[in-house]
Amino acid sequence: MDWREITARSRILPRAFYDRDTVTVARELLGKILVHERVAGTIVETEAYLGGDDLASHSARGITKRTRIIFGPPGHAYVYFIYGMHECLNFVVGPEGTGGAILIRAAEPLAGVRLMQQRRPSAHSVAKLASGPGNLTLAFGVTRAQNGVDATRGALVVRKWLKEPPFEIRVTPRIGIRQCADLPLRFVIAGNPSVSGGVVAQGAK
DNA sequence: GGTAGGATGGGCT
DNA sequence: GCCCATCCTACCC
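Let us look at the structure shown here. Keep in mind that this is a model prediction, so the values were computed, not measured.

### Brief notes about the protein's contact with DNA strand B
Alright, step 1. By nearness alone, every residue bordering DNA strand B is listed as T64, R66, F81, Y83, G84, M85 and R144.
Alright, step 2. At 2.7 Å from a phosphate oxygen of DNA strand B is found a side-chain nitrogen or oxygen belonging to T64.
Alright, step 3. Y83 is positioned with one of its backbone polar atoms (N or O) 2.4 Å from a base oxygen of DNA strand B.

Shown next, in the form of structure tokens:
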């Protein structure tokens, strides 16, 4: 899809979109358009990390040098480094100080596919270029340099279609965590080829 | 089709 | 010093 069509048919999500219940925002980010510089894709997989007693969330241990972004105002990016080589993109949600965040786990490429392919030469298909949180940041060129940036304006934003196509949401436990591993806080667009993991990992209804 | 293991570094106790 | 919100390769059905 060309950029002219994307910008004409969509609008940047305002801060009020993010300033709501964490699960609600995690569900509603599905189908939206993640944009970073010259790359865009449809968000097809998210996970909710709650404030308060969700021990899987980085915010569970309170405010530290790393987590201060999560306790800041909603609509900002939280990018962290994990396993010595990967970076993961989140958006801060809920009222300031509540510690909620949404991990963006996968997107279906819409524009800038050539650039994504250069960044991820080992990808097996276009659909899998940004499938998985580490693959997504690599394909989109998102790094810790984007930690804390305002996602309601600038190079990193999320856009909403003026007319959003319908889709079915499936809910599963979150991937790769030990604490609170059973909570149903992962949301995917059913049947989408860019969702990470196999059929089993995508989960039943 | 499936899984086991290693790479690699920052955050926090 | 241990724990990670991961990914890729090799290898085995």
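### Here's the deal with the state of the cysteines
Defined simply, a disulfide is a covalent bond joining two cysteines at their sulfur atoms.
Alright, step 1. Taken as a whole and assessed by the stated rule, the structure comprises zero disulfides.
Alright, step 2. Here C88 is not cross-linked by a disulfide; its sulfur's nearest cysteine counterpart is in C180, at 18 Å.

### Here we look at the side chain of E47
Alright, step 1. For E47, the position within the fold is in strand β3 (residues 39-49).
Alright, step 2. Judged by its relative accessible area of 0%, E47 falls in the buried class.
Alright, step 3. Within the structure, the side chain of E47 is placed 2.7 Å from the side chain of Y49, a separation counted as a polar contact.
Alright, step 4. Separated by 2.8 Å, the side chain of E47 and the backbone nitrogen of I175 make a polar contact.
Alright, step 5. In this structure, E47 is in contact with A101, I102, L103, R105, R174, I175, L185 and R186, ignoring residues within four places of it in sequence.

Scoring rules and cut-offs
- Residues numbered from 1 in each chain as written.
- Chains lettered and ligands numbered in written order.
- Predicted model: local features only at pLDDT ≥ 70, side-chain atom pairs only at ≥ 80, totals over all residues.
- Heavy atoms only, no water.
- Near = heavy atom within 4 Å.
- Polar contact = N/O pair within 3.5 Å; in protein donor to acceptor, adjacent residues only side chain to side chain.
- Disulfide = S-S within 2.5 Å.
- Helix = DSSP H or I, 4+ residues; strand = E, 2+ residues; numbered from the N terminus.
- Buried < 20%, exposed > 50% of the residue type's maximum accessible area, 1.4 Å probe, protein only.
- Contact = heavy atoms within 4.5 Å.

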